[in-house]
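# Geometric and topological summary
Each chain is listed here by its residues.
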Amino acid sequence: MQFRDIIGQEEVKALIIKSVKEGRIPHAQLYWGGEGVGKLALALATVQYINCEHPTDSDSCGECESCRLIAKLSHPDVHFVFPIVKEGSKSAYCDDFMPQWRDMILRSPYFNMHEWMQEISESGKIGTIYTTESEAIARKLSLKSLKARFKAVIIWLPELMQEAGANKLLKLLEEPPEDTLFLLVSEQPERVLGTIASRTQSLHIKSIAVDALSRVFPADVARLSGGNYVKARELSEARSDAAEMTSRYRNLMLSAFRKDLVALRDIADEASKSREECLEFLNYAARITRETFIANLCNPQLCYRTESEAAFIEKFKKFVDVTNVEHITDNITQASMDIERNANIKITVFDMGLQLFTLINNKR
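Sequence positions are assigned chain by chain, starting from 1 and proceeding in written order. For a predicted model such as this one, the threshold for reporting local features is a pLDDT of at least 70, and the threshold for listing and counting side-chain atom pairs is 80 or more; totals across whole chains, interfaces and linings nevertheless cover every residue. Heavy atoms throughout the structure, all of them, feed into the side-chain values; hydrogens and water do not.

### A look at the environment of Ala243
Applied cut-off: Under the scheme used here, helices are H or I runs from DSSP no shorter than 4 residues and strands are E runs no shorter than 2 residues, and both carry numbers assigned from the N terminus. Only protein chains enter the accessibility calculation, which uses a 1.4 Å probe; a residue whose area is less than 20% of its type maximum is buried, one above 50% is exposed, and one in between is partly exposed.
Looking at the element boundaries, Ala243 is found in helix α12 (residues 239-258). Using a relative accessible area of 39% as the deciding quantity, one classes Ala243 as partly exposed. For the pair formed by Ala243 and Ala197, sequence separation is 46 residues and the distance between their alpha carbons is 45 Å.

As structure tokens, this is what we get:
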């Protein structure tokens, strides 16, 4: 991973490069920030730059043996710690999951905990960094470096370490092996053991700038994502679904506006085909109703909507204001709650539509 491969984060890159060039490399660092901002990618790029045989003023060379091994996640002196799921009473280690970890990062170093759990387990369990992992890291670091200038340990989501394991890691941070670098990559630094956090140099990784994210995704997707690459990818993949949702929402509101019982009946019939899809649509409808109200405030910075949504919202916003927005969203939310409790979908959606008749037509 090279710095040039990381989206945005120019200030952070420059800061890391400057510290390396000046020989000010803390033995333990905490890269923290929200989901999808590139923390793990930055950690990988940092390790590659530090160990590069021919670094430039702005990046690793990407061609030396060290760079090639780190890029393939097969360098013998670069170790990874991450949440895993243990089945039964048998001990499990991160090394057991390295093939999946390697595949995940090589596809994209921008992913979240949910995606990682889907990659390694179908149990639905929450991943954990077990105490035994700290013992394994201690054994690895006790060995002589094979190729690297610095042995490196990248710990992804250290907040998920078991307490006993965190305390063992603390001992390593207090008396680190020579020429060893610990990089902790956290989304919830307040949950990291306080004595560990206090022994690291903290570096806040902010959200990716919209203009930088816009070079990868459509501008509206970049803005809606809030600087989160993972969210931007999800939004981009769901654009066709969003267009379909917008069309369904428009049909619902037009049927209410026109008091069209036949159209409302058809909408209820369609909704009854899938409980999960119906709930997804109702959640979407509640969100777009709020966006429609916010559009009346004439502040683009507050609006999070795609271009297709904006086209309808601009026409419909005069029918959603402070007098009815809460009632409309409550109506939709109540329908969703009833369906979650196994209420008849067709009857519930039809009844919701009848209430919308009054709520919207009061604004005509």
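Here the narrative resumes.
### Considering the environment of Pro189
Turning to its location among the elements, Pro189 is positioned in the loop between β4 (180-186) and α8 (194-197). Residues Pro189 and Gly33, 156 residues apart in the sequence, show an inter-C-alpha distance of 8.3 Å.

### A look at the nonpolar core
Here is the rule: Here, the term nonpolar core denotes a set of buried Ala, Val, Leu, Ile, Met, Phe, Trp, Tyr and Cys residues that are joined through side-chain atoms within 4.5 Å. The criterion used for residue contact is that any of the two residues' heavy atoms lie within 4.5 Å.
Within the largest apolar cluster, 78 residues are counted, with the highest numbers of intra-cluster contacts made by Phe80, Phe82, Trp101, Trp116, Ile154, Trp156 and Phe182. Of all the elements, helix α2 (residues 39-51) adds the most residues to this core, at nine residues. In this structure, Trp156 is in contact with Leu40, Val81, Phe82, Pro83, Trp101, Phe111, Asn112, Met113, Trp116, Ile129 and Val185, ignoring residues within four places of it in sequence. Within the second largest apolar cluster, 35 residues are counted, among which are Leu252, Ala268, Ala286 and Ile332.

### Section: the packing of aromatic side chains
Convention followed: Pairing of aromatic rings covers Phe, Tyr and Trp, the last through its six-membered ring, and needs centres within 6.5 Å; plane angles under 30 degrees mean stacked, over 60 mean edge-to-face, and all others mean tilted. Here, over-ring charges are defined by two tests on the NZ atom of lysine or the CZ atom of arginine: distance to the ring centre within 6 Å, and angle to the ring normal within 35 degrees.
Tallied over the full model, the rule gives 15 aromatic pairs. Judged by centre distance (5.4 Å) and plane angle (85 degrees), the ring pair of Phe82 and Trp116 falls under edge-to-face. Of the two residues, Phe82 sits in the loop between β2 (78-81) and α4 (98-107) while Trp116 sits in helix α5 (residues 113-120), which places them 34 residues apart along the sequence. Aromatic pair Phe316 and Phe319: ring centres 6.0 Å apart, planes at 35 degrees, arrangement tilted. Taken together, Phe80, Phe82, Trp101, Phe111, Trp116 and Trp156 form an aromatic cluster joined through their ring pairs. For Lys86, the ring lying beneath its charged end belongs to Tyr130, and the centroid distance is 4.8 Å. In this arrangement the basic side chain of Arg248 is found over the ring face of Phe281, its NZ or CZ atom lying 4.5 Å from the centre.

### Structural notes on helix α6 (residues 131-141)
Of all 11 residues in α6, eight are buried; the element is thus mostly enclosed. Turning to α6, its buried residues are Thr131, Thr132, Glu133, Ser134, Ala136, Ile137, Lys140 and Leu141. The inward-facing, buried residues of α6 abut β2, β3 (151-156), α7 (163-174) and β4.

### Topic: the sheet that holds β3
Our working rule: Strands were regarded as paired on the criterion that DSSP finds at least two bridges between them. The angle between two axes is taken between their N-to-C directions and runs from 0 to 180 degrees, where each axis is a line fitted to C-alpha atoms and a helix contributes only its stretch in contact.
If you trace the five strands from one edge of the open sheet to the other, you get β2-β3-β4-β1-β5, paired in parallel fashion. Two strands bound the open sheet, and with one partner strand each, they are β2 and β5 (201-204). Pairs of neighbouring strands in the sheet enclose a mean axial angle of 20 degrees, with direction left out of account. Bridge count for β2 against β3 is four bridges, and the pairing is parallel. Within the sheet, the bridge partner assigned to Val78 lies in β3 and is Ala152. Against the sheet, α6 touches β2, β3 and β4, its axis set at about 175 degrees to β2.

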